[in-house]
Amino acid sequence: LEALAERYDLPWLSPFANYGTWKRAYPDLACGLKRGFSFYMHQPGKPFRPMVDHDTELMVEANPDEERGDTHWFREDFDAFVANKVVDQGICYLDTFETKSITHDAGWRIVGRRDDEEIEVTAEFAVDASGDGGALVDATGNTVTCDGMRTQSRALYGHFKDVVPWSDILAARKHRFEDIPFDPDASALHHIIDGGWMWVLRFDNGVTSAGFSLSPARHPLDAAISPQEEWDRLLGKYPSIRRQFVRAKPVRPLTRTGRLQRRLGTSAGDDWAALPHTACFVDPFLSAGNAHALYGIERLARILEKHWDSPERSEQLDAYAKTMFREMRRLDRIVSACMESFDRFGVMTSVSMAYFAAAIYSEERIRANENSETDEFLIAHDERFAKIIAKVCNGSSGVKPGSEVSFANRVHRMIEAYNTVGLCDPQRRNMYPFASPTADATPE
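Residues numbered from 1 in each chain as written. Predicted model: local features only at pLDDT ≥ 70, side-chain atom pairs only at ≥ 80, totals over all residues. Heavy atoms only, no water.

(A) Quick look at the packing of helix α10 (residues 345-367) against helix α12 (residues 404-414). At a minimum axis separation of 9 Å, α10 and α12 run at an interaxial angle of 5°. One finds that α10 runs roughly parallel with respect to α12. The segment α10 lies against α12, with G346, V347, S350 and V351 engaging E404, F407, A408 and V411. Here the residues of the contact of α10 with α12 sort into 5 nonpolar, 2 polar and 1 charged. (Axes fitted to C-alpha atoms, helices over the stretch in contact; angles between N-to-C directions. Helix = DSSP H or I, 4+ residues; strand = E, 2+ residues; numbered from the N terminus. Parallel < 35°, antiparallel > 145°, perpendicular 65-115°, else oblique. Contact = heavy atoms within 4.5 Å. Nonpolar A, V, L, I, M, F, W, Y, C, P; charged D, E, K, R; others polar.)

Structure below.
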């Protein structure tokens, strides 16, 4: 985000890159502090049980302090701010626009209504940033499918106030706080349950985003019960999570979805492109959405900047589409292997190490300006790492109880060349404080 702000002279955007600069520049725009990732393993009918060796939890710190922390974006505030900046720049912005027709023939023609006014928009190039709305699907002759995607999940989620901090629940369970690298409430918090997981993301305005991502096989959708009834049943199975939401009040209705996974048949053409969240979606697990979106935005912006009037534009857009789906497949492979290992927390932890190694390795290369224009999210362009991921994920399915340590050691050896921050270290006991890279990010 900071690099985009610098490259395209958007000084107002740069403060959003870190928690400290955001809070100083825009104290009235809600966000949440994200120091890293935390995971907690729950058993049905039993309170969460902290272990001396942290076998039921995992924490990975993503930044060195609160000042340089990452953020959860409170979308209604952030999006409204960006929309207003669009208007300030003199760009036509049409909200409450109801599309009537989209014609794609030697350019774009979009006809619709805004209030009582009929509006026609014409353009040489269109970018579909409508997410699962897929605004351009029909006009481009595209398809929406989940064919070939390994991850299978559906969601039940909402926004709440008065959610009890998870640290309070841990304190009541006699947790050893001196061992942990950061406050778990300042993180992308993952509760791992039977056949799914729950996210809990806290914002500074007192609102908490929380939801379940559930395996349809283990939790088939029952239309006979309401979303609220299903929510209450799920909380009822997990005493510690229930305690966290005992006083919670919804500030928006619960939303329940069908299968989350989707992808377009193609994500770009000669005169159009879809951003990553429109082109594909896997699952919120591991919080990859914003990072993948920014990779896509940066890549597309460079194509339009360098090749707008070039005969190479179509070729570059084709490469853009292929890159995005390569990244999607990498994420889908890792997330599905993690979710299939939820009943074996040690295995899930080992698979996640491959994700964190790839994410950190990619980011450090960008910071060092090493081939950043050709690098891909989760180093999806690296064929050597692709083979490693395949071995890790394929191997995870066959790990028997009691073999988790042996599997962890194998993962450690396989990702060693990409593991620049000391992941997979048994002496850390699943607690990973922030560490600067210890090696040059160029595997031999």
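(B) The pairing of strand β13 (residues 207-214), seen in detail. The element β13 is extensively covered by neighbouring structure, given that 8 of its 8 residues are classed as buried. What you see with β13 is no split at all: V207, S209, G211 and S213 on one side and T208, A210, F212 and L214 on the other are buried throughout. Two strands pair when backbone bridges link them, and strand β10 (residues 154-161) and β13 are joined in this way by 8 bridges, in the antiparallel orientation. Residue pairing for β13: F160 is matched across the bridge by T208. The sheet contact formed by strand β12 (residues 196-202) and β13 spans 7 bridges and is antiparallel. Across the sheet, residue W199 finds its bridge partner in β13, namely G211. From the end of β12 to the start of β13, which pair antiparallel, there are 4 residues, and G206 there has a positive phi angle of about 90°. (Buried < 20%, exposed > 50% of the residue type's maximum accessible area, 1.4 Å probe, protein only. Pairing = 2+ DSSP bridges.)

(C) Seen up close, the sheet that holds strand β19 (residues 280-281). Taken together, the 3 strands give an open sheet; going across it, the order is β9-β16-β19, and neighbouring strands pair in antiparallel fashion. In the strand order of this sheet, the two ends are held by β9 (144-145) and β19, each with one partner.

(D) Focus on unusual backbone geometry. For D162, which is not a glycine, the phi torsion comes out positive at approximately 65°. On the secondary structure map, D162 appears in the loop between β10 and α4 (166-172). With a relative accessible area of 40%, D162 lands in the partly exposed category. Although it is not a glycine, L378 adopts a positive phi angle of roughly 55°. If you trace the backbone, L378 turns up in the loop between α10 and α11 (383-396).

(E) Structural view of the nonpolar core. Within the largest apolar cluster, 74 residues are counted, with the highest numbers of intra-cluster contacts made by F39, I192, F285, M353, Y355 and F356. With 12 residues, the single largest contributor to this core is helix α9 (residues 313-340). Discounting chain neighbours no more than four positions away, the residues touching F39 are T56, E57, L58, H190, I192, F285, L286, F345, M348 and F356. Core analysis: the second largest hydrophobic core is formed by 27 residues, M59, L156, A210 and L234 among them. (Core = buried A, V, L, I, M, F, W, Y, C linked by side-chain atoms within 4.5 Å.)

(F) The arrangement of the pattern of salt bridges in detail. Counted according to the given criterion, the structure contains 22 salt bridges. Linking R24 and E67 is a salt bridge whose minimum nitrogen-to-oxygen distance equals 2.7 Å. Here R24, found in helix α2 (residues 19-25), pairs with E67, found in the loop between β3 (57-61) and β4 (70-73); they are 43 residues apart in sequence, far enough to count as distant. Residue D179 pairs with R176 through a salt bridge whose shortest N-O separation is 3.1 Å. Since its relative accessible area comes to 38%, R176 is described here as partly exposed. (Salt bridge = Lys/Arg side-chain N within 4 Å of Asp/Glu carboxyl O.)

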